[in-house]
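Each chain, letter by letter, is given below.
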Amino acid sequence: MEVELKLLYVFLATGLVSMSAALSAGALNKLADENKPSFMQTRNGAVSVIMVGNLSALTLLFSMAFGFQNFQWWIPLSCMFISFPVMHVVLFQRLFGDAKNLFIMTPLVIASTVTLYYYW
């Protein structure tokens, strides 16, 4: 029971962080050029946001695979389509905004990939 609860926490944390970073990167990429933050005005900044979004989406995929492997099918599925996006919109996006959220979540996404590898 204790091991399963630890795996649930790993799944929830890695999935939430990955979903939040991916959604923030997508929102920043959809902004008009004049509304983009200053770091995205250069080509390297825009490519960096795309790469962080791709890394976040890949980590989210690994997190979902981890969830489907260790839990019943409805837990990861409901988190993917309900819990993670709602937590991002209600909490992180309103609290930090998209640009600051992306900067906060990027190191957490990298830590999530290491954590998923360790617990897999």
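Source: prediction; values computed, not measured.

(A) Main features of helix 4 (residues 98-119). In this model helix 4 runs 29 Å from its N-terminal to its C-terminal C-alpha over 22 residues, within 8% of the 32 Å that 1.5 Å per residue would give. Within helix 4, the axis deviates most sharply at Met105, by approximately 30°, and proline Pro107 lies no more than four positions further along. Listed in full, the buried residues belonging to helix 4 are Asp98, Asn101, Leu102, Met105, Thr106, Val109, Ser112 and Leu116. In this structure, the buried residues of helix 4 make contact with helix 1 (2-30), helix 2 (43-70) and helix 3 (74-96).

(B) Up close: the pattern of salt bridges. For the structure shown, the criterion picks out 1 salt bridge. Residue Asp33 pairs with Lys36 through a salt bridge whose shortest N-O separation is 3.6 Å. Given the relative accessible area of 54%, Asp33 is considered exposed. Owing to a relative accessible area of 17%, Lys36 belongs among the buried residues under this scheme.

Rules and cut-offs
- Residues numbered from 1 in each chain as written.
- Predicted model: local features only at pLDDT ≥ 70, side-chain atom pairs only at ≥ 80, totals over all residues.
- Heavy atoms only, no water.
- Helix = DSSP H or I, 4+ residues; strand = E, 2+ residues; numbered from the N terminus.
- Expected span 1.5 Å × (residues − 1).
- Bend = angle between axes of the 7 residues up to and from the residue.
- Buried < 20%, exposed > 50% of the residue type's maximum accessible area, 1.4 Å probe, protein only.
- Contact = heavy atoms within 4.5 Å.
- Salt bridge = Lys/Arg side-chain N within 4 Å of Asp/Glu carboxyl O.

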